[in-house]
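This is what each chain is made of:
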Amino acid sequence: MKNDVAGVQNTILFRVDTNSTIGAGHLMRCIALAYGFQHYQLVCIFLVNDETEHYLQGLNDFPFKIKNNDKGDLSEFSWIELVAKSMTAIGIVLDGYQFSENYRDTLSSIGLPIIAIDDTNTGGKLFADVVINPVSSAGTLNYKQTAPGATLLLGSDYILLRPEFIKASMSNKLTDKTQSMSDQSYQRRQACLITFGASDISGLTIPVLDALTMNELDVSPITVVTGGAYPSTEQLRTLISSLKASLKANLINTAGPIITHLEHVRNMAPVLKGAKMAISAAGGTVFELAAMGVPTILLVVADNQLNAALEQQDKGWCQVIDARQSLSMPDLISAAQRLWENNELRLEMHRCAIQNAVTDGAQRAAGEIVNHIKNKTRESK
């Protein structure tokens with residue numbers, strides 16, 4: 001579909017950040033939506049802080065423009081307004097809980113349609129023209145009060161996946177003819193994956209790996225993934241070395257467990273495709289794990305993760321453990337042992353994940369946003 005919102009090539013701005021405190025989930029789903037906008041010939045520009053700019057520059061083939069506020073004499077809103085005017089911006093996507101109600105109110109005065117990506121609707125008025133929340137229960141969150149008149153894109157039809165997962169997931173889609181092949185492919189998977197996002201905001205990577213290897217579970221090989229904002233890389237490397245040395249010295253396993261530590265992974269799809277099971281934070285990775293058919297133990301570490309995680313658990317491919325206050329290691333080890341040792345259970349969870357994966361949500365959301373902006377443009381003429 002060719003973009004004809006205003007008869008020229010137009011721009012969508014994204015205001016989003018990542019750091020070791022908030023993680024990269026907000027950024028990743030914005031990237032997914034930006035790819036959706038590419039189907040409508042829109043230019044996407046990410047307006048970010050220094051830390052996020054550094055993170056984006058480390059991504060593989062990041063195709064979108066990046067702008068940082070290098071105008072030291074300009075406020076954030078003056079900077080955004082300047083970029084909007086110079087780039088013929090037709091809307092701005094806002095994603096992140098650091099953007100308060102007052103922030104959104106001030107941003108709305110610029111006059112750009114605001115597209116808010118939200119999870120819980122607990123931050124006051126959104127001042128949004130479009131709201132995206134991909135959880136099926138989002139319809140109960142009363143967005144008509146916080147965003148009156150907005151176009152509401154709610155539910156799993158609007159799950160935002162990046163292209164690498166869409167392509168891989170589409171190749172996994174089950175039919176009567178392909179299920180046997182998919183099952184055989186899954187049976188060749190070997191690794192237990194441990195991943196807690198770009199920054200592991202709750203510091204779970206090290207204690208989970210330690211518990212998994214020291215409880216006499218025959219879980220191997222293990223793949224540990226950490227992102228660019230992970231703060232404890234040296235400690236993790238030391239732990240992996242000591243685990244191998246300790247287990248070898250005690251003859252528990254002459255070679256020690258096979259542990260692979262992957263850092264700054266540029267494309268997670270192949271990693272997930274090799275995972276027999278996963279232990280993961282319940283952030284944006286949830287939908288990626290589902291698309292790749294990975295039976296998963298999801299650890300909820302933030303309030304905004306709970307609804308989406310429980311919804312996915314109901315679909316039969318994952319188990320949720322609430323770790324918002326603390327993580328019960330005995331509960332986790334029990335769940336990991338049950339899943340690792342039960343091939344039939346994992347295979348059924350794998351099938352459920354693939355059958356329920358949504359692959360076209362980003363393009364669908366982008367199309368509805370474009371239509372909303374077109375309609376607003378016509379009304380204003």
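All figures in this text were calculated on a predicted structure; none of them were measured in a lab.

Quick notes on the rules
- Residues numbered from 1 in each chain as written.
- Predicted model: local features only at pLDDT ≥ 70, side-chain atom pairs only at ≥ 80, totals over all residues.
- Heavy atoms only, no water.
- pLDDT = per-residue confidence, 0-100.
- Contact = heavy atoms within 4.5 Å.
- Buried < 20%, exposed > 50% of the residue type's maximum accessible area, 1.4 Å probe, protein only.
- Helix = DSSP H or I, 4+ residues; strand = E, 2+ residues; numbered from the N terminus.
- Pairing = 2+ DSSP bridges.
- Right-handed = clockwise from strand over helix to strand, strands pointing away.
- Axes fitted to C-alpha atoms, helices over the stretch in contact; angles between N-to-C directions.

## What to know about the confidence of the model for the protein
For the protein, the mean per-residue pLDDT works out to 88, and 90% of the residues sit at or above 70. Scored below 50 in pLDDT, residues 1-8 shows 19 contacts in the model against residues more than four places distant or in partner chains.

## What about the pairing of strand S2 (residues 43-48)?
Counting buried positions along S2 gives 6 out of 6 residues, so the element sits mostly inside the fold. Side chains Val-43, Ile-45 and Leu-47 project from S2 onto one buried face, and the interleaved Cys-44, Phe-46 and Val-48 project onto a second face that is buried too. Bridge count between strand S1 (residues 11-16) and S2: 5 bridges; the pairing is parallel. Bridged to Leu-13 within S2 is Ile-45. For the segment spanning S1, helix H1 (residues 25-38) and S2, crossover handedness is right-handed. As judged from the 4 bridges shared by S2 and strand S3 (residues 65-68), these two strands associate in the parallel manner. Across the sheet, residue Val-48 finds its bridge partner in S3, namely Asn-68.

## Thoughts on the sheet that holds strand S10 (residues 259-263)
Sheet architecture is open: 6 strands sit in the order S10-S9-S8-S11-S12-S13, paired in parallel fashion. Across the chains shown, the open sheet's two edge strands, defined by having one partner strand only, are S10 and strand S13 (318-322). Taken pair by pair, the neighbouring strands of this sheet meet at an average axis angle of 15°, ignoring direction. Two elements, strand S9 (residues 222-226) and S10, share 5 bridges in a ladder whose sense is parallel. Looking across to S10, one finds that Thr-226 is bridged to Glu-263.

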